[in-house]
Amino acid sequence: MQTFQIDFSDSKPKRIVGIDLGTTNSLVAYLSGGKPEVIPGPDGDPLVPSFVCFPPEGEPLVGNTARRALPLHPLATVFSVKRLMGKGVGDIEAELPLLPYRVTGTGVVQIHAGGQVRTPPEISALILRQLKMNAEAALNEEVTQAVITVPAYFNDAQRQATKDAGRIAGLEVLRLVNEPTAAALAYGLDKRKQGVVAVYDLGGGTFDISILRLHDGLFEVLATGGDTHLGGDDIDNLLLKVAMEDIASEWRAGIEGNQEAIQLLRRAVIEAKHALSFVPVTHIRFEYGGRRYERELPRDVFNRLITPVVDRTLQPCRQCLADAGVTPEQIDEVVLVGGSTRIPLVRDAVARLFRARPHTELDPDQVVALGAAVQAGVLSGEVEDQLLLDVTPLSLGIETMGGLVSKLIHRNSAIPASATENFTTGVDGQTNVLIHVIQGERELVRDCRSLARFDLKGIDPAPAGFARIEVKFLIDANGILNVSAKELRTGKEQSMDVKPSYGLNDGQVESMILESIEKAEEDFQERQVREARVEADTMLAAVEKAKNNDAYWDLSDEDRAGISRGVNELLLVYHGSDHHLIQAKIGELNQSTMALAESMMNAAVSNALKGTKI
Amino acid sequence: MTCWQCGLPADALFCGGCKALQPPPSGYFEFYGFPRKLAIDSAELQRRYYALSRQLHPDRFTRRSAREQALALEASSILNDGLRVLRDPVERAEYVLTAEGFAMPGQRTKDVPPELLEEVFELNLALEEMRSGDASARPALETARSHFQSMLNGADSELAGLFARWDESGDRAELARIRGVLNRRKYITNLVRDVNQALQ
């Protein structure tokens, strides 16, 4: 007999939003009637700067307010945190002098700002929480599920850190989508039906190149490449260095170590960089401590300065073409993503390399978020004719004898992908086996990225080589590694400990979630109560005003009593914290004023008709 | 087999009754619905890959039960792993050989096929000269590279012939021959890689 499953608990499917968690700016978008739309924040700006400021008092500031606070509280403001996701302190040493905040830590980076110590996923979670709140305010419903985009070239630790950030912010991350792939979705390039597309994505902190084949709504990634530490920030740092050297010689006193001055100067060079995308010459203007610095910056000087940065994007592009097995001539379309692709030199370099004029119709700052919203629609079932088939950007391997890497899953393999490997013990009585998992293309472990160490433990003591443990490595559709192991003789699941090299363990994430979820729920509840009260205020004011109207006094005593009962009941629950109750009482009061409203309407109509010739 | 969800008999990827995804077959040929042959219609393979991707990708299962999501993840990984193995003649042959109980050498095979002993000895001398900075070995290495490249091409056409013979007869002796060619091929591939590195 056939059975039907009916789910009473959740009749209306939850909405899934799409989030671009960027180095410089973050955005949230949703699918509105089949079309992706970005959601503006309370200030009307859809771009939420990825800045978090911990002021001396009160809640952390996020977005535009935090960015404005940077020169005021340079030691309390965190920006470009995406560059630290899934990294260790050793990875970022070179740029530390230019960052106003201090970082420490042996595994996960700890950021010290404004007397607070937070990990990168926690800072990112504050940004995500702001986007969640913006979406909730605009859509007037709770938002708990999201698609978040990541650079295609993000490794496992960086992806996991992003997913952790979502969880800490109270978001169920249903899918991590690669930014270039999302951009391709946003352009709806499937209208071509068939074709090969290159997506060149140069953002604030990361560079990605992806080559896709389109096939009747399937977006099949052929190859991807990039550099997770290359972007507009590097250009800013170059300009900053030049300006700082200038200032040191002009003023006979440098501003090194003065974070307030450095951050003001950073803002000045960024303004000059932006201007040069539209005018051939501009000026860097900076004032500090009563002294002025001004320097003319023509575009050709700027171009010479940044050529090394632009050139660093070209080698990954050529490698990606080779990996995809296509020639530049076979590329039908090129899509530009990321604010740094506004730079004319970048556009020229891309056009030369791919021999195609790049697409720029969509705002490069918004295109990724728009694509994330389309992907959210794919997951919710709203979009049925499109599907992403993505790849893993880096090879996955394990350490073998002599510090060599044995590759299990090669880069550019379509995901989900898996590999199994059998392990045994090497000495008599051995009860655990250690597996070191790495990501990277090089032959030696020390040249690759350590992901995690898995300790297969509790193996029954037996002669060497007796145990047969099958370990399955599976990269899921988010590009994140899942490892499981079983003892082949018994068929039992093999227990293991996981020690991520640069990530948070589950316990750490859990406690961060507990801290912030309580807050997030409080926030949401509080806002709903506030909104209900505003509605109640409007209602009560209208009733009060109606008492001046003749119609009120024409009502039956019973109707009038009903209205004052409704007003009193609403006032009773008004200061409570249950917005459902307030809404219910507003509804009841509304019901009891029906007759009043009707007679007021009639009076108004007949008044209006008086003196009108019919 | 019966459906894990509704109990009806289920012999396809999806239950005919409740449409639930079923535990997928783990063998690549069975999964793709191809006979266990070494020759394969690659256009048809690609067509089935696209069609199955549309049905099995985890994105299609976001609103389904945890059990079905896990099955979709498993099925999609077999789909992708299977395409990688089946579309490449060498990987496909190694997959069949392993399933038939033949041991395959690892990634860094050091066993020199006997017929190549002499050539490899001379090549190694030239490689050492080159690496120690003696550029006079370059022409010898370039000659060796094109020689080994043509040996690779020869191995590929030899494989195609052996594939057809095994598909016809199912004789294990053919598989043993295939393994011999695969070992030689892998060894030569590594040599070509070493020569390319030295010449760079």
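Conventions and cut-offs
- Residues numbered from 1 in each chain as written.
- Chains lettered and ligands numbered in written order.
- Predicted model: local features only at pLDDT ≥ 70, side-chain atom pairs only at ≥ 80, totals over all residues.
- Heavy atoms only, no water.
- Helix = DSSP H or I, 4+ residues; strand = E, 2+ residues; numbered from the N terminus.
- Rg over C-alpha atoms; globule rule 2.2 N^0.38 Å.
- Domains from an automatic or database assignment.
- Salt bridge = Lys/Arg side-chain N within 4 Å of Asp/Glu carboxyl O.
- pLDDT = per-residue confidence, 0-100.
- Contact = heavy atoms within 4.5 Å.
- Expected span 1.5 Å × (residues − 1).
- Polar contact = N/O pair within 3.5 Å; in protein donor to acceptor, adjacent residues only side chain to side chain.
- Buried < 20%, exposed > 50% of the residue type's maximum accessible area, 1.4 Å probe, protein only.
- Phe/Tyr/Trp six-rings, centres within 6.5 Å; stacked < 30°, edge-to-face > 60°.
- Lys NZ or Arg CZ within 6 Å of the ring centre and 35° of its normal.
- Buried area = accessible area lost by both parts, 1.4 Å probe.

**A few points about the overall build of chain B**
The helix and strand tally for chain B stands at 7 helices and 0 strands. Ordered by position from the N terminus, the helices and strands of chain B form the series α-α-α-α-α-α-α. For chain B, the C-alpha radius of gyration of 23 Å lies well beyond 16 Å, the compact-globule estimate for 200 residues. For the C-alpha atoms alone, the extent of chain B along its principal axes is close to 75 × 40 × 25 Å.

**Describing the domain arrangement of chain A**
When the domains of chain A are assigned, the result is domain 1 (16-231 + 306-389), domain 2 (232-305), domain 3 (396-504) and domain 4 (508-609). For domain 3 of chain A versus domain 4 of chain A, the distance between C-alpha centres works out to 61 Å.

**Overview of the pattern of salt bridges**
Residues and elements named next belong to chain A. According to the stated counting rule, one finds 40 salt bridges over all chains in the structure shown. A salt bridge links Asp164 to Arg167, with the shortest nitrogen-to-oxygen separation between them at 3.9 Å. Note that Asp164 and Arg167 are positioned in helix α3 (residues 156-168) at a spacing of 3 residues, about one turn of the helix. Close ionic contact of Glu220 with Arg213 constitutes a salt bridge, the shortest N to O distance being 3.3 Å.

**Describing the confidence of the model for chain A**
Residue-level pLDDT values for chain A average 87, and 93% of them are 70 or greater. Low pLDDT, under 50, characterises residues 1-11 of chain A; the predicted model gives this stretch 2 contacts beyond four residues in sequence or across chains.

**Structural notes on helix α7 (residues 172-199) of chain B**
Between the first and last C-alpha of α7(B) there are 41 Å, a value that for 28 residues agrees with the 40 Å anticipated at 1.5 Å per step. The N-cap residue of α7(B) is B:Asp171: its side-chain oxygen and the backbone nitrogen of B:Ala173 are 3.0 Å apart.

**A few points about α3(A)**
Residue and element names in this part refer to chain A. Between the first and last C-alpha of α3 there are 18 Å, a value that for 13 residues agrees with the 18 Å anticipated at 1.5 Å per step. Counted residue by residue, α3 has 10 buried out of 13 residues, so it is predominantly covered. Listed as buried for α3 are Asp156, Ala157, Gln158, Arg159, Ala161, Thr162, Asp164, Ala165, Gly166 and Ile168. The backbone nitrogen of Ala157 has a side-chain oxygen 3.0 Å away, supplied by the residue at the start of α3, namely Asn155. Among the residues trailing α3, Gly170 stands out with phi positive, at a value near 85°.

**Brief notes about the packing of aromatic side chains**
In the structure shown here, the tally under the stated rule is 10 aromatic pairs over all chains. Every member of this aromatic cluster is reached through a ring pair, and the members are A:Phe51, A:Phe79 and A:Tyr101. Note that A:Arg489 overlies the ring of A:Phe466, its terminal NZ or CZ placed 4.0 Å from the centroid. Sitting above the plane of the B:Trp4 ring, B:Arg67 keeps its charged end 4.6 Å from the centroid.

**Here we look at the environment of A:Thr307**
Residue and element names in this part refer to chain A. The residue Thr307 is located in helix α7 (residues 299-324) in this model. The partly exposed category is assigned to Thr307, whose relative accessible area is 29%. Separated by 38 residues in sequence, Thr307 and Leu345 place their C-alpha atoms 8.1 Å apart.

**Observations concerning the interface of chain B and chain A**
At the interface, 22 residues of chain B touch 38 residues of chain A. Summing the contributions of chain B and of chain A, the shared interface buries around 2400 Å²; its carbon and sulfur component is 45%. If you sort the residues of chain B by the area they bury against chain A, B:Tyr50, B:Asp59 and B:Arg63 come out on top, with a joint share of 27%. Viewed at the interface, chain A and chain B are joined by 1 salt bridge. The closest approach of N and O atoms between B:Asp59 and A:Arg175, which form a salt bridge, is 2.7 Å. Viewed at the interface, chain A and chain B are joined by 15 residue pairs in polar contact (both at pLDDT 80 or more). Every element with two or more residues in the side of chain B that touches chain A is listed here: α2 (42-56) and α3 (66-87) of chain B. Looking at the side of chain B that touches chain A, the element that brings in the most residues is α3(B), giving 7 residues.

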